[in-house]
Amino acid sequence: MRTKSIVTKSVALIALALLASSSRAQQSVPPTPVLTEVGLKQEEVYYSQLNQLRAELTAEIPPSDPLSSEVNADLLQTFLASDTLDSRLVKFVVLYEATPSGLAVFAQQGPEHAALIELMLSDSDLMKQMLVADGANAQRVNDRSSPAQYGPAMKIYADIRKASPNAGAGIFQRLALAIALEHAVPIAQGNPKSQADAPEFIDPVKRFHHYEQAYLAGELDPLFERLSVWELRMVVNGDEPDETLAWGRQMLRNYRPDLIANPNFDWRYVQVVATDVRYGSGDVKYDRPELQNYQNILMNGGVCGRRAFFGRFILRAFGIPTTARPQTGHGALVHWTPDGWVPCLGGGWGSGWTHRYKNDLDFLATTQARNNPEQFLRVKRAQWVGDVLGEKRTFGEHDGQAEYWNSVALRTQRDLIEKSQLKALDAVGANLGESNETGEKGIARAVVSPADRNIVVGEDGVISIPAAAFSQPSRSTKEVVIMKSFTDGMQIHLPRFEREGLTILRGGAWRTDVCQSGTRLLSGGYGAYNNWGFRAAVTCPANATPSELKLDLGNGVMMEFVYIRPGTFVMGGASEKDGRFECVELPKHEVKITKGFYLGKCEVTQAQYQLIMGSNPSGGAKSPDCPVDTVSEADAFSFCSKLSDHTGMDVRLPTEAEWEYACRAGSSTDWFFGDDPAAFGEYAWFQPNDAGMSHAVGQKKPNPWGLYDIYGNVWERVADTYARDYYAKSPKEDPTGPNQTIKSRFEYTFNAPRAGNYALTVRAVTNNYRQHLNFAVNEDASENVLELPFTLGSWQVSEAVEVQLKAGENTLRFWRDRPPQYGIAIKDFTLTPVK
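Residues numbered from 1 in each chain as written. Predicted model: local features only at pLDDT ≥ 70, side-chain atom pairs only at ≥ 80, totals over all residues. Heavy atoms only, no water.

When helices and strands are tallied, the protein shows 24 helices and 26 strands. Across the 835 residues of the protein, 56% fall into the buried class. When contacts within the protein are restricted to residue pairs at least 6 apart in sequence, those whose partners lie at least 24 apart make up 73%. Per element, the accessible surface of the protein, about 34,800 Å² overall, is 50% carbon and sulfur. If the 85 positive side-chain charges of the protein are averaged to one point and the 99 negative ones to another, these points end up 2 Å apart. (Helix = DSSP H or I, 4+ residues; strand = E, 2+ residues; numbered from the N terminus. Buried < 20%, exposed > 50% of the residue type's maximum accessible area, 1.4 Å probe, protein only. Contact = heavy atoms within 4.5 Å. Areas by Shrake-Rupley, 256 points an atom, 1.4 Å probe, with all protein chains shown as cover. Lys, Arg positive; Asp, Glu negative; His and termini not counted. Charge placed at Lys NZ, Arg CZ, Asp CG, Glu CD.)

What follows is about the sheet that holds strand E13 (residues 557-564). Reading across from one edge, E12-E13-E16-E11-E17 is the order of the five strands in this open sheet, with antiparallel pairing throughout. With one partner strand each, in any of the chains shown, strand E12 (549-554) and strand E17 (651-652) form the two edges of the open sheet. Looking at chain direction, E13 and strand E16 (residues 597-600) are connected through four bridges and run antiparallel. Residue Ile564 lies in a different strand from E16, and its bridge partner there is Phe597. Against the sheet, helix H22 (residues 656-664) touches E13, E16 and E17, its axis set at about 75 degrees to E16. (Pairing = 2+ DSSP bridges. Axes fitted to C-alpha atoms, helices over the stretch in contact; angles between N-to-C directions.)

A few words now on helix H10 (residues 204-216). Helix length check: H10 (13 residues) gives 18 Å between terminal C-alpha atoms against 18 Å at 1.5 Å per residue, within 8%. The N-terminus of H10 is capped by Asp203, whose side-chain oxygen sits 3.0 Å from the backbone nitrogen of Val205. Of the residues trailing H10, Gly218 is marked for its positive phi of about 75 degrees. (Expected span 1.5 Å × (residues − 1). Polar contact = N/O pair within 3.5 Å; in protein donor to acceptor, adjacent residues only side chain to side chain.)

So, about empty space enclosed by the protein. With the rule as written, the count across this model stands at five cavities of 30 Å³ or more. Here the second largest cavity is characterised by a volume of approximately 110 Å³. Tyr357, Thr366, Lys380, Gln383 and Phe395 are, among the 14 residues lining the second largest cavity, the residues nearest its centre. For the lining of the second largest cavity, the secondary-structure elements that each account for two or more residues are helix H17 (360-369), helix H18 (373-388) and helix H19 (404-419). For the lining of the second largest cavity, the element with the most residues is H18, which contributes four residues. Within the lining of the second largest cavity, the residues separate by chemical class into five nonpolar, three polar and six charged. (1 Å grid on protein atoms, 1.4 Å probe; cavity = no way out; pocket = protein on both sides within 12 Å on 5 of 7 lines; lining within 4 Å. Points joined across faces, edges and corners; volume = space filled by probe spheres on them. Nonpolar A, V, L, I, M, F, W, Y, C, P; charged D, E, K, R; others polar.)

Within the open sheet, the four strands sit side by side as E9-E8-E18-E10. Their pairing is mixed. Strands with a single pairing partner mark the edges of an open sheet, and in this sheet they are strand E9 (520-522) and strand E10 (532-534). Neighbour to neighbour, the strand axes of the sheet diverge by 45 degrees on average, direction disregarded. Judged from the three bridges that link them, strand E8 (residues 503-506) and strand E18 (residues 715-721) form a sheet pairing that is antiparallel. In the sheet register, Thr503 faces E18, and the bridge partner there is Thr721.

Evaluation of the coordinates by the stated rule reveals 40 salt bridges. Across the salt bridge formed by Arg652 and Glu658, the nearest N and O atoms sit 2.8 Å from each other. For the pair shown, Arg652 and Glu658 are each scored as buried. By sharing partners, the salt bridges in this structure join Arg506, Arg520, Glu656, Glu660 and Arg664 into a single network. (Salt bridge = Lys/Arg side-chain N within 4 Å of Asp/Glu carboxyl O.)

The next point concerns the side chain of Gln327. Looking at where Gln327 falls in the secondary structure, it is placed in the loop between strand E1 (322-324) and strand E2 (333-335). Side chain to side chain, Gln327 and Arg325 meet in a polar contact 3.2 Å long. Here Gln327 is in contact with Ala332, Gly346, Gly347, Ser351, Gly352 and Trp353, once residues within four sequence places are set aside.

Below, the discussion takes up the pairing of E13. Counting buried positions over the eight residues of E13 gives six, a clear majority of the element. Linking E12 to E13, which pair antiparallel, is a turn of two residues; within it Asn555 sits at a positive phi near 55 degrees.

This part covers the nonpolar core. Among soluble globular proteins, nonpolar side chains are generally buried collectively. One finds Met120, Tyr150, Leu175, Leu252, Phe310, Ile314 and Trp405 to be the most contacted residues of the largest nonpolar core, which totals 121 residues. Beyond its immediate chain neighbours, meaning those up to four positions away, Ile314 contacts Gly248, Met251, Leu252, Tyr269, Val270 and Val272. Listed in part, the 33 residues of the second largest apolar core include Val591, Ile593, Tyr661 and Phe680. (Core = buried A, V, L, I, M, F, W, Y, C linked by side-chain atoms within 4.5 Å.)

Where helix H3 (residues 73-81) meets H19, the closest approach of the two axes is 12 Å, and the angle between their N-to-C directions is 85 degrees. With respect to each other, H3 and H19 are oriented roughly perpendicular. Facing Leu76, Gln77, Phe79 and Leu80 of H3, the residues of H19 in contact are Tyr404, Trp405, Val408, Arg411 and Thr412. Of the residues in the contact of H3 with H19, the class split is six nonpolar, two polar and one charged. (Parallel < 35°, antiparallel > 145°, perpendicular 65-115°, else oblique.)

Here we come to the confidence of the model for the protein. A residue-level look at the protein finds 91% of positions with pLDDT of 70 or above and a mean pLDDT of 89. Across residues 428-438, where pLDDT falls below 50, the model places 37 contacts with residues more than four positions away in sequence or in other chains. (pLDDT = per-residue confidence, 0-100.)

Let us now look at the pairing of E16. With burial as the criterion, each face of E16 is covered, one bearing Phe597 and Leu599 and the other bearing Tyr598 and Gly600. Across three bridges, the pairing between strand E11 (residues 537-539) and E16 is antiparallel. What sits directly across from Val538, in E16, is Tyr598.

Next up on the list: the packing of aromatic side chains. The final tally for this structure, using the stated rule, is 42 aromatic pairs. Relative to Tyr661, the ring of Phe569 has its centre 5.4 Å away and its plane inclined at 40 degrees; by these criteria the two rings are tilted. Here the residue Phe569 occupies a position in strand E14 (residues 567-571), and Tyr661 occupies one in helix H22, the gap between them amounting to 92 residues. Accessibility expressed as a relative area gives 6% for Tyr661, which makes it buried. An aromatic cluster of three or more residues is present, and its members are Trp671, Phe672, Phe673, Phe680, Tyr683, Phe686 and Tyr711. Directly above the ring of Trp685 sits Lys700, whose terminal nitrogen or CZ lies 4.2 Å from the centroid. (Phe/Tyr/Trp six-rings, centres within 6.5 Å; stacked < 30°, edge-to-face > 60°. Lys NZ or Arg CZ within 6 Å of the ring centre and 35° of its normal.)

Attention shifts here to the environment of Leu126. Within the secondary structure, Leu126 sits in helix H7 (residues 124-132). The buried category is assigned to Leu126, whose relative accessible area is 0%. In this structure, the C-alpha to C-alpha distance between Leu126 and Gly238, residues 112 residues apart in sequence, is 24 Å.

Take the packing of helix H4 (residues 86-98) against H18 next. Packed helices, taken two at a time, are described by their axes: the angle between them and the distance between them. At a minimum axis separation of 10 Å, H4 and H18 run at an interaxial angle of 60 degrees. Considered as vectors, H4 and H18 are oriented oblique to each other. You can see that H4 and H18 cross each other, and the crossing is left-handed. Across from Asp86, Leu89, Val90, Phe92, Val93 and Tyr96 in H4, the residues of H18 making contact are Arg381, Trp384, Val385, Asp387 and Val388. Class assignment for the residues of the contact of H4 with H18 results in eight nonpolar, no polar and three charged. (Left-handed = near helix turned anticlockwise from the far one by under 90°.)

This is how it looks when you write it as structure tokens:
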């Protein structure tokens with residue numbers, strides 16, 4: 001093998017000099033230009049070279065007749081082990097993949113472009129390095145009629161070499177070439193929606209500088225320097241701006257340093273998807289236009305696709321190769337580890353496909369074979385010979401019937417893997433794609449020293465409390481986790497948590513029997529059925545004159561509300577059952593609604609839902625005036641939130657007490673019309689009269705307060721969750737259902753130098769809005785709230801809240817409630833005397 005370094009010929013210096021003032025025109029994707037007279041002559045030269053190489057090589061290639069006895073397996077492997085033909089093989093393949101026309105189009109743009117092509121075609125080591133890394137990208141993947149963009153790749157490579165003295169050797173040369181090959185077809189940049197003047201495409205030279213600087217600063221994974229050109233291509237091909245990559249590293253270093261230090265490489269970095277990227281699309285509507293896509297995903301979560309996108313992004317940010325590995329109905333990813341590639345956020349190997357490979361097992365095979373670069377050259381040589389002889393390139397065992405030399409390549413690859421005794425690593429994360437588990441896997445917890453718990457009182461009386469100095473709980477738990485900071489000392493992490501319990505539905509529906517005013521249904525099962533809908537409520541604005549309310553949804557669609565005055569009633573029904581769909585409805589108890597509110601005159605219709613949500617999930621009767629159905633809890637909350645944004649009103653689901661109070665309309669009987677169910681059909685669509693479907697709203701009689709279909713048509717979701725004993729202990733005024741569990745309890749005991757008022761602040765990292773800490777001081781039972789800023793992954797200090805301390809020992813207790821709450825990192829608390 002020749003050992004000369006990449007690009008040593010004197011023509012390299014000439015080409016680089018010629019490019020000193022050239023533009024970056026290759027960063028757009030123009031239509032294929034027409035060949036000029038110069039281009040036609042250049043095309044003829046390239047065709048001549050291609051044909052001459054084909055003739056020479058064909059004469060020296062062993063016969064490809066599988067029945068021929070002229071070549072046996074040993075002789076075949078001897079041929080593939082030799083590099084004798086490599087210089088001509090790689091030149092042929094580059095000419096073949098780029099096509100003479102494609103090269104001529106690039107070369108006719110000027111002398112510097114033509115010089116670049118000559119430089120490439122004269123440097124067999126560079127072409128071999130390119131081809132082992134699967135060559136330059138083409139406009140159409142896996143389409144051999146689409147020219148591979150070797151000209152633009154050389155332009156990028158030369159620009160990087162000129163821009164950085166590091167790019168000529170080692171990891172930086174491989175990085176430069178990986179970027180050149182991958183960005184030969186420009187990659188569209190994913191900019192914030194509000195950033196109108198952002199670059200359209202990733203700048204490959206800036207992408208190189210980004211990773212160069214991050215590597216030199218020690219910010220990338222220590223194993224980054226081991227990566228091949230082929231592996232590096234799957235680091236540098238993201239759509240994120242370079243500043244977003246920098247943000248990703250800074251965010252994880254500040255927010256979850258333990259995930260960076262995770263000794264389990266299967267989950268290093270990418271574990272943040274399991275711990276902090278919530279599964280579900282309910283909050284995607286809160287994406288902010290000034291944030292980049294991956295920042296929005298961390299903030300608002302998403303279903304499998306968005307989570308896989310973020311997982312690949314955070315791996316790229318730290319220099320770890322990764323690629324999409326979708327499977328039917330599910331987005332996932334695979335990524336590099338020093339022991340081999342592993343699947344993440346999806347099923348195990350064999351479940352999906354990757355770029356270029358119809359089956360991910362073929363991608364796995366090439367990753368395994370590439371562990372032995374010298375032996376892997378045999379696989380590539382067989383593929384190149386197949387190209388010379390006009391075979392269709394076959395990329396894997398599952399890519400259809402391979403012709404002779406491509407089958408030799410696959411067989412050689414298979415033998416190489418078997419001899420190396422390489423096996424696929426066990427699939428990891430098989431269920432995480434559909435999960436909201438916190439995913440604390442393989443993380444070594446920090447050891448806390450006494451110095452890390454040292455609470456300091458300064459000469460100015462300022463009390464500095466390290467977050468790790470809490471006295472309760474006495475050790476780390478899943479709700480208060482201590483970890484070593486990247487800066488100094490320790491920090492704590494408080495994980496996210498969601499609403500608990502199933503919501504309740506009221507009012508009966510088509511396909512069901514007579515229900516009473518106190519009848520309840522638990523939202524068990526699959527969470528949405530074709531006779532489940534909802535009715536919206538609106539909080540009455542302060543100082544508003546109570547009257548009927550109409551909201552204009554646009555396109556001529558209105559939503560009418562009835563004002564419900566405050567009052568007292570007896571709440572409850574007759575059921576004592578507690579089951580999958582049944583709710584306990586006893587004891588009956590007196591409830592006072594202290595504030596008036598608006599309640600929808602009718603159930604939310606399909607037309608109203610479609611206009612606000614952009615879709616209609618209904619699986620029952622499909623009609624604009626029928627109530628929307630098949631609505632999940634998240635759907636109902638999302639509709640109310642979007643309608644709030646649309647109208648400026650506080651649109652919400654009614655509480656269960658508000659719903660029943662409005663349904664009863666001042667009655668104390670089983671039904672608002674009395675105790676005889678015979679009249680039920682006058683007010684409701686139910687099993688005896690529904691003809692097996694829902695009906696347009698407002699056709700039956702209203703209740704005395706003007707509410708239509710409060711019985712029947714569809715079950716109506718309310719805001720409360722269910723607990724079987726809640727009625728027995730429900731507050732008398734404005735009950736809102738069972739309290740959500742309080743999370744992340746911890747406290748600090750410390751000495752204050754003097755009594756008085758202190759300003760309490762916290763230094764924290766948050767990745768979402770509306771985060772807070774509840775706290776109380778000493779024996780005072782009153783709840784205080786420390787609102788946390790939205791820091792987007794950086795450390796920031798909160799606004800101060802004034803507290804009163806006594807001289808000597810004090811206790812400061814913290815906890816979290818009001819889900820959903822999202823993960824936060826805390827470095828320390830500060831109590832500053834108020835003068």
